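Single-letter residue listing:
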Amino acid sequence: MRRFRFLKDPVPELAGASSEAFLEALGGPACFLIAGRDSTRVRAFVTLLHGNEPSGVHALRRFVAEQQRPAVNLLCVVASVHAALKEPAFTHRMLPRARDLNRCFRPPFDDEQGRLAEEILELLRMHRPEAVVDMHNTSGSGPAFGVVTHLDRQHDALISLFARRLVVSHLNLGALMDISDERCPTVTVEVGGRQDDEAHALAYEGLLRYATTEHVLAPEEPVDWGLELFSNPIRLELQDGVTLAYGEAPQPGHDVTLRADIEHHNFGVVNASTPLGWITGDPRSLFRATDAEGRCAVAALVRAEEGELYPAMDMKLFMITTNAVIAQSDCLFYAVAANGRPIPATPH
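Describing the overall build of the chain
Across its full length, the chain holds 9 helices and 19 strands. Taking the principal axes of its C-alpha atoms as reference, the chain extends roughly 65 × 50 × 40 Å. When contacts within the chain are restricted to residue pairs at least 6 apart in sequence, long-range pairs at least 24 apart make up 74% of them. Taken as a whole, the chain presents about 15000 Å² of accessible surface, with 49% of it coming from carbon and sulfur.

Focus: the packing of helix 2 (residues 55-65) against helix 6 (residues 197-212)
Where helix 2 meets helix 6, the axes come as close as 8 Å, and the angle between the chain directions of the two elements is 55°. Considered as vectors, helix 2 and helix 6 are oriented oblique to each other. As for how helix 2 packs across helix 6, the hand of that crossing is right-handed. Packed against helix 2, whose contacting residues are Ser-55, Gly-56, His-58, Ala-59, Leu-60, Arg-62 and Phe-63, the element helix 6 presents Ala-199, His-200, Ala-203, Tyr-204, Leu-207, Leu-208 and Ala-211 at the interface.

What to know about empty space enclosed by the protein
Throughout the structure, instances matching the rule amount to 3 cavities of 30 Å³ or more. Empty space within the largest cavity amounts to approximately 320 Å³. In this structure, the largest cavity is lined by 26 residues; those nearest its centre are Arg-103, Met-177, Glu-190, Met-319 and Tyr-334. For the lining of the largest cavity, the elements supplying multiple residues, two or more each, are strand 5 (132-138), strand 6 (145-148) and strand 8 (186-193). When residues in the lining of the largest cavity are grouped by element, the largest group, 3 residues, is from strand 5. Taken together, the residues of the lining of the largest cavity break down into 10 nonpolar, 10 polar and 6 charged. Within this model, the second largest cavity holds a volume of roughly 40 Å³. For the second largest cavity, the full set of lining residues is Thr-138, Gly-140, Ser-141, Gly-142, Pro-143, Phe-145, Asn-266, Phe-267, Met-319 and Ile-320. When its residues are assigned to classes, the lining of the second largest cavity shows 5 nonpolar, 5 polar and no charged.

A word on the environment of Phe-45
Looking at the secondary structure, you find Phe-45 in strand 3 (residues 38-47). Given the relative accessible area of 0%, Phe-45 is considered buried. Spatially, the C-alpha atoms of Phe-45 and Val-133 are 5.0 Å apart, while their sequence positions differ by 88 residues. Excluding residues within four positions of it along the chain, Phe-45 makes contact with Gly-56, Leu-60, Leu-74, Leu-75, Cys-76, Val-77, Val-133, Met-135, Leu-207 and Tyr-210.

A look at the sheet that holds strand 10 (residues 234-238)
Sheets are built from strands paired through backbone hydrogen bonds, the pairs being either parallel or antiparallel. Spatially, the 5 strands line up as an open sheet ordered 13-18-19-10-15, and their pairing is antiparallel. Pairing within the sheet leaves two strands with one partner each, and these edge strands are strand 13 (269-270) and strand 15 (287-288). Judged from the 2 bridges that link them, strand 13 and strand 18 (residues 315-318) form a sheet pairing that is antiparallel. The partner of Val-269 across the bridge, within strand 18, is Lys-316.

Here we look at the layout of surface pockets
The computed volume of the largest pocket comes to approximately 250 Å³. Lining of the largest pocket is provided by Leu-121, Leu-124, Arg-125, Pro-129, Ile-179, Ser-180, Asp-181, Arg-183, Cys-184 and Thr-186. For the lining of the largest pocket, the element with the most residues is helix 4 (residues 112-127), which contributes 3 residues. Across the lining of the largest pocket, the residue classes break down as 5 nonpolar, 2 polar and 3 charged.

Let's talk about the nonpolar core
In terms of nonpolar packing, the biggest core is built from 46 residues, with Leu-23, Leu-26, Phe-32 and Tyr-210 touching the most fellow members. Of all the elements, helix 6 adds the most residues to this core, at 7 residues. Every residue in contact with Phe-32, bar those within four places of it in the chain, is listed here: Leu-7, Pro-10, Phe-22, Leu-26, Leu-60, Val-64, Leu-74, Leu-75, Cys-76 and Val-78. Of all hydrophobic cores here, the second largest spans 29 residues; its members include Leu-238, Val-256, Leu-301 and Leu-317.

Observations concerning the sheet that holds strand 8
Taken together, 9 strands build an open sheet; the order of strands is 1-2-4-3-5-8-6-7-9 and the sheet is mixed. The open sheet has two edge strands, strand 1 (5-8) and strand 9 (228-231), and neither has a second partner. The average angle at which neighbouring strand axes cross in this sheet is 20°, direction not considered. Across 4 bridges, strand 7 (residues 165-168) lies against strand 9 in parallel orientation. Note on strand 9: the bridge partner recorded for Leu-166 is Leu-229.

Rules used in this analysis
- Residue indices begin from 1 for each chain and proceed along its sequence in written order.
- Only residues with pLDDT of 70 or above have their local features reported here, since the model is predicted, and side-chain atom pairs are shown and tallied only from 80 upward, although totals for entire chains, interfaces and linings are computed over all residues.
- Each side-chain value is worked out from all heavy atoms of the structure, with water and hydrogens disregarded.
- The way it works is that DSSP assigns letters per residue, a run of H or I at least four long becomes a helix, a run of E at least two long becomes a strand, and they are numbered from the N terminus.
- The contact definition used throughout considers only heavy atoms, calling two residues in contact when any of these lie within 4.5 Å.
- Computed with a 1.4 Å probe, the accessible areas rest on the Shrake-Rupley method; for each residue, only the protein chains presented here act as cover.
- The angle between two axes is taken between their N-to-C directions and runs from 0 to 180 degrees, where each axis is a line fitted to C-alpha atoms and a helix contributes only its stretch in contact.
- The scheme is simple: roughly parallel for angles under 35 degrees, roughly antiparallel for over 145, roughly perpendicular for 65 to 115, oblique for anything else.
- Take the far helix as your reference; a near helix turned counterclockwise from it by less than a right angle gives a left-handed crossing, and one turned clockwise gives a right-handed crossing.
- Residues are called lining when one of their atoms sits within 4 Å of a cavity or pocket point, these points coming from a 1 Å grid over the protein atoms alone, where a cavity is a set in which a 1.4 Å probe fits but cannot get out and a pocket is an open set with protein on both sides within 12 Å along at least five of seven lines.
- Grid points are joined across faces, edges and corners, and a volume is the space filled by probe spheres set on the points.
- Polar here means any residue outside two lists: the nonpolar Ala, Val, Leu, Ile, Met, Phe, Trp, Tyr, Cys and Pro, and the charged Asp, Glu, Lys and Arg; Gly therefore counts as polar.
- To sort residues, take the accessible area from a 1.4 Å probe on protein chains only and compare it with the maximum for the residue type: under 20% means buried, over 50% means exposed, and anything in between is partly exposed.
- When DSSP finds two or more bridges between a pair of strands, those strands are recorded as paired.
- We define a nonpolar core as any set of buried Ala, Val, Leu, Ile, Met, Phe, Trp, Tyr and Cys residues linked to one another through side-chain atoms lying within 4.5 Å.

Here is the structure:
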């Protein structure tokens, strides 16, 4: 493993006086194994795939500083250390011109980010964890939720340690959770906004539950975890070259202006008369969206009326961000029907 520094049972001094000091001490991508009470099993905790998402680092640093003893061996992977430390700290998703690391967990692994992802996969293969939790912050403020590719009792059990909302997505974007299978359920946990104290607190509390509970996978008998389900969301993205701004009115020189308070709709129901912003042109020339069948779904998500942008139907939106850089490189938001089911197809 050329890119990862490997540590065993890190001493509390490694935690330092701050999360930045903790990352400075690591010096780069790091992996450490913390011995558990049961040394025959391993769980994995992955964080900082994105350098601007600090909650997982804050939680892990506190875990190390307090010398918590996990129930089983805990394999911890801290990935985008250099991006996180680039000034201002915890503001860069990735280094300039680098790919999004959480889109690199499938071949080809032919650039620096791809090789980093390949080494993370190799670390997981070597240690054969019984479960993997990949912790993130959302791009905007909002409640915590989990994302899985499989809907079953094991994934439900893992998400229930952190959140009460569960998104089931089959988008296969090259994220770490795409490797999930019945031998090693792998989940993404979004603990909330990167600047939210509640998100930092939840990250630590959830990590503590995940690491110290004797059994985190589901028992044989059925259990109702009380999760609110969001099935097969559709991503609304910008077409290449489309310009984006946020404001209280249309911003001159921009193709799309979203309302400055749009992230307040995270996980809430918006109806067809809820204003989302303003556009210049036809929605299909500005946005792209694809449903589970590979069809264009822009008309199923949004409509325009005299230059104003509205939802095409009652729906729930989430992963809304007011960071234009992230919105342009990733997506504007995800959407499901108001009842949490997939958005129905629009007749063509």
